[in-house]
Amino acid sequence: MEMDLMQVLFLSEVYKLLGDKTRLTIMALLQVQSLCVRDLVEILQTSQPSVSQHLAKLKTHGLVKERRKGPWVFYSVNTECAPAVQQILSHLPDMSPVIKQKSAENEPSFG
């Protein structure tokens, strides 16, 4: 009984966390590939502090993990998160076109 209540509380927190449009979009983007804060700021067209706060909440709840590469920190979906969370994420749209479009816009043009 107590375990069921804990699971309900956990899911309640996850639903609140993913009920935010920006955090849900971040999760959809990170399912495509690891991204740094700068990438997310450009794609979401929002401020760096806002993206960092959203990522901190997602990380605190174990939904994302980070990997350092030199001065950069790359975020990705934590594939070891609860099965209920994985099921929610499986319903998110494929954000590959958004990432490809941003990558193409940021490539240097030679002319």
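Computed from a predicted model, the values in this text were never measured in an experiment. (Residues numbered from 1 in each chain as written. Predicted model: local features only at pLDDT ≥ 70, side-chain atom pairs only at ≥ 80, totals over all residues. Heavy atoms only, no water.)

Some words on the pattern of salt bridges
- What the rule picks out here adds up to three salt bridges.
- When the shortest N-O distance is used, the salt bridge between Glu13 and Lys16 registers 3.1 Å. Of this pair, Glu13 and Lys16 both sit in helix α1 (residues 2-18), three residues apart, roughly one helical turn.
- Note that Lys59 and Glu66 form a salt bridge whose closest N and O atoms lie 3.3 Å from each other.
- According to the relative accessible area criterion, Lys59 is partly exposed, its value standing at 38%.
- Taking relative accessible area as the criterion, Glu66 reaches 32% and is therefore assigned partly exposed. (Salt bridge = Lys/Arg side-chain N within 4 Å of Asp/Glu carboxyl O. Helix = DSSP H or I, 4+ residues; strand = E, 2+ residues; numbered from the N terminus. Buried < 20%, exposed > 50% of the residue type's maximum accessible area, 1.4 Å probe, protein only.)

Description of the UniProt feature "domain: HTH arsR-type" (unreviewed entry) in the protein
- The feature "domain: HTH arsR-type" (unreviewed entry), as given by UniProt, occupies residues 3-96 in the numbering adopted here.
- In residues 3-96, helix accounts for 61% and strand for 15%; the two terminal C-alpha atoms are 38 Å from one another. (UniProt positions renumbered as here; feature names shortened; annotations may be inferred.)

A look at helix α2 (residues 21-32)
- Here α2 spans 17 Å end to end across twelve residues, near enough to the 16 Å set by a 1.5 Å rise per residue.
- Buried within α2 are the following residues: Arg23, Ile26, Met27, Ala28, Leu29 and Leu30.
- Where α2 starts, the residue carrying a side-chain oxygen 3.0 Å from the main-chain nitrogen of Thr22 turns out to be Asp20. (Expected span 1.5 Å × (residues − 1). Polar contact = N/O pair within 3.5 Å; in protein donor to acceptor, adjacent residues only side chain to side chain.)

Observations concerning the nonpolar core
- Ranked by internal contacts, the top residues of the largest apolar core, which has 27 residues, are Met27, Leu30, Leu55, Leu58 and Leu63.
- Broken down by secondary-structure element, the contributors of at least two residues to this core are α1, α2, α3 (37-44), α4 (48-60), β3 (72-77) and α5 (83-89).
- For this core, the element with the most residues is α2, which contributes five residues.
- Ignoring anything within four residues of it in the chain, the contact list for Leu63 reads Leu17, Leu18, Met27, Leu58, Ser76, Val77, Asn78, Cys81 and Val85. (Core = buried A, V, L, I, M, F, W, Y, C linked by side-chain atoms within 4.5 Å. Contact = heavy atoms within 4.5 Å.)

Quick notes on unusual backbone geometry
- Even without glycine at this site, Gln45 takes up a positive phi of about 55 degrees.
- Within the element layout of this structure, Gln45 appears in the loop between α3 and α4.

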